[in-house]
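Tertiary structure, described
In case you want the letters, here they are:
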Amino acid sequence: MRAFVGLITLSLLGFVLCDNVVTISNGKLLVFKSSGFSSSSSPIQSIYDPEGGSFASVKRYRDYVYTVTGDAYVQRWGISTSGKLYRTSDYFWFQYCPTGLTIRGSTDPENADYVMLICPYYSYGNSRVVLANPKTLEFEYNITSTNTGTSAGIIFDAVLTGNYLYTSELTPHEFGYGKIVQYSVNNDFKKNTEVKLAAHPSLAIRKNSDLFATISTTQLVPAVNDIMRFDADRMTPVDTLSTTCTDLGRLSSDSKTLFVACDNNNSLKVYDVSGSGIEPVCESDLGSGVDAGMKMVDGFLYGAGSGLTRYTLGDNGCPVSADVVPVTCTSVDGLSEE
């Protein structure tokens, strides 16, 4: 197969003591201290790509940080006890993905320990999710998008639990343009079932029980902006809430709150999902938004957008204040696990 070229692995890592934050701005990595973060904070570390490229995204998974440079190169970074990054000798080289990769990790590494590389547009075949072993960096599974008639789906997002892999596909069908496909972890990632939706969603998962999907499309009339909750095993809908705008959706560290970005504005919507439904709590215009990414770090919600925002949250999950560092960000993550 022509899909994958090159991997090296050597490094070891110590324990991480600091809850710092890493983001990408103007193609370089910036590390900020979470403690004492304010609108006047400066990065404690600024890293240009050693190969001369430009960083596109960053993801923390277990003991390492992974960065994507350009359309092919995935570098692994260690985290020092002082909360700074250091380059390891480990990397993936994923060829033929001209629009670049997205990286996500398993939500249940004890039962399904993989780094996921999501390639929406692959030059020599269908869109795909590649599952890599984080210990050896070997590619172990290659899950391609489904075909509908003469067209193939385009995978834009994926989440992985100990039981299933779920992919979000852009694919035309009789009443819309998207679907969620469920694959079985214990059956070599064979397809189980699919659910057709109005558009391809952003996905968030609560362990093995609840799958959340946020959908936004203006291709249908009227436009669709839905937040959906599914039983993650049976893929049956539990609740659906229509709203004014949706984009990226992420759960809080305790999985009781769903944060939803609004596309093309700074608004942050907060929903209570501690019960069986989706209950609106508030909508906040504080900060610079979370449409480019969000992450809970040290009890705060950090958002990437036109600035790097730290949201201080009240007991109900709503922002009560926001500190914004004026750097345009394309990604954000923490350097310790929540």
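For the structure itself, look to the data block above.
Small disclaimer: the values here were computed from a predicted structure and weren't measured.

Scoring rules and cut-offs
Residues numbered from 1 in each chain as written. Predicted model: local features only at pLDDT ≥ 70, side-chain atom pairs only at ≥ 80, totals over all residues. Heavy atoms only, no water. Phe/Tyr/Trp six-rings, centres within 6.5 Å; stacked < 30°, edge-to-face > 60°. Buried < 20%, exposed > 50% of the residue type's maximum accessible area, 1.4 Å probe, protein only. Helix = DSSP H or I, 4+ residues; strand = E, 2+ residues; numbered from the N terminus. Lys NZ or Arg CZ within 6 Å of the ring centre and 35° of its normal. 1 Å grid on protein atoms, 1.4 Å probe; cavity = no way out; pocket = protein on both sides within 12 Å on 5 of 7 lines; lining within 4 Å. Points joined across faces, edges and corners; volume = space filled by probe spheres on them. Nonpolar A, V, L, I, M, F, W, Y, C, P; charged D, E, K, R; others polar.

Taken as a whole, this structure holds 14 aromatic pairs when the rule is applied. Both rings, one in Phe32 and one in Phe37, keep their centres 6.0 Å apart while their planes meet at 70°; by these two values the pair is edge-to-face. Comparing Phe32 with Phe37 shows no difference in burial state: the two are buried. Ring geometry for Phe92 and Phe139: centres 5.5 Å apart, planes at 25°, overall stacked. Of this pair, Phe92 sits in strand E8 (residues 85-94) while Phe139 sits in strand E12 (residues 139-144); the two residues are 47 residues apart in sequence, bridging distant segments of the chain. Note that Arg76 overlies the ring of Tyr64, its terminal NZ or CZ placed 4.1 Å from the centroid. Its end group placed over the ring of Phe300, Arg310 keeps NZ or CZ at 3.8 Å from the ring centre.

As a volume, the second largest pocket reaches approximately 200 Å³. Lining the second largest pocket are 17 residues; nearest its centre among them are Ser252, Asp254, Thr257, Asp315 and Gly317. Elements with a contribution of two residues or more to the lining of the second largest pocket: strand E24 (257-261) and strand E25 (268-272). Element by element, the count of residues in the lining of the second largest pocket is highest for E25, at three residues. Here the lining of the second largest pocket is built from residues that sort into six nonpolar, seven polar and four charged.

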